[in-house]
Amino acid sequence: MAQDMMRLFRGIAVPANKSEDVKQRIREDGIRGDEGGQWQISLSDLRADLEGLFEKPGLSASDTIRDDVLFSGVCACGDEYGASNYACKHNASEEANAPLVVEFDMPISDVFLDGRDFLCTAFQLWDRSTRDGIDWQMELLATIFGKRVLRYFQRAAASQDQDYRIAMCRLAGQDIEVAKSHAQNCHVIEGRYSTMFASAFLARPPIPRSNIISVTTPSFQLEQPWLTLSMFLAGRPPHE
C-alpha cells in the first residue's frame, strides 16, 4: 500500500546573487534544511508513545523532549500563501532579499504540526482575558486543526499549570490526525510576529529530490486574516 503523502510548501529567502544556485541545488539534491540559512527546529518523535504520554499523571514539558528520538525539522506550510508570506516577509532581510517557495511531497509519518506561531500560545493563554469564551475558542480550534485537537486542548484547559499546557500542545502536534486535519484548513490565520498562514508544519529532512515538485519565485499580497491570535486570546468574537 502506498504511504500517505502530504503536499507542503517551504518559504525561504536567499541573497539574490545566490538564488539560481539554491534553486538548482534543491532540484538536484532535495532539501537538507540549511537552504537560505533558515533555522531548523529540534523536535522529538513521540508518536510511538503518544497515548502513554497523554495518560501520564503529572505530564510535563520535559517529558516531550527525548534525545533518542530527537531530530531537526524544517519549517513548511500546507498552503502556498503561508509559504509565500514566510519567503517574502517573515524570513526576508536586506541581505536575503530573494524569496523562494519549494513545493514538495512528504510522507505523513515525517510531518509534525508546528504550533510555535499560534497553537502553543492558544493553549497557554486561552483564558488570559476570560474563561467565558471557551466554547467559541474550541469551535475555532476544531475548524483550524480538526476536532481531534480538542482532546488535548480540553486537558490543557482543565489545568492552571503552564508546563502541563505546553506538554499537551506538543502532544497535539505529534498527532497524525491533527496534522491531516490542519493541512485541510483553508482559513488564513495571523499568528505571532504577524505571520500569516493556513497551516504550519515541521518536516523531517533530508527530503530527496524525487519529492521536489517545483522551486519558484513567489509573489505575496496581504490578505485579511480569518482569525488572529489576539482575537482568539480575547476570548470572544470581535463584534461583541
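See above for the structure.
Thresholds applied
- Residues numbered from 1 in each chain as written.
- Predicted model: local features only at pLDDT ≥ 70, side-chain atom pairs only at ≥ 80, totals over all residues.
- Heavy atoms only, no water.
- Helix = DSSP H or I, 4+ residues; strand = E, 2+ residues; numbered from the N terminus.
- Expected span 1.5 Å × (residues − 1).
- Buried < 20%, exposed > 50% of the residue type's maximum accessible area, 1.4 Å probe, protein only.
- Phe/Tyr/Trp six-rings, centres within 6.5 Å; stacked < 30°, edge-to-face > 60°.

1. What to know about helix α5 (residues 134–145)
Line of reasoning, step 1. Taking 1.5 Å as the rise per residue, α5 with 12 residues should run 16 Å; its terminal C-alpha atoms sit 16 Å apart, in good agreement.
Line of reasoning, step 2. For α5, the complete set of buried residues consists of Trp-136, Gln-137, Met-138, Leu-140, Leu-141, Ala-142, Ile-144 and Phe-145.
Line of reasoning, step 3. The positive-phi residue at the C-terminal boundary of α5 is Gly-146, with phi of around 90 degrees.

2. Let's talk about the packing of aromatic side chains
Line of reasoning, step 1. Throughout the structure, instances matching the rule amount to eight aromatic pairs.
Line of reasoning, step 2. Seen in terms of ring centroids, Trp-126 and Phe-153 are 5.8 Å apart; in terms of plane orientation they differ by 70 degrees. Their pairing is edge-to-face. You can see Trp-126 sitting in the loop between α4 (119–125) and α5 and its partner Phe-153 sitting in helix α6 (residues 150–157), a full 27 residues away along the chain. Both residues of the pair, Trp-126 and Phe-153, count as buried.
Line of reasoning, step 3. An aromatic cluster is present here, built from Phe-118, Phe-145 and Phe-232 joined pairwise through their rings.

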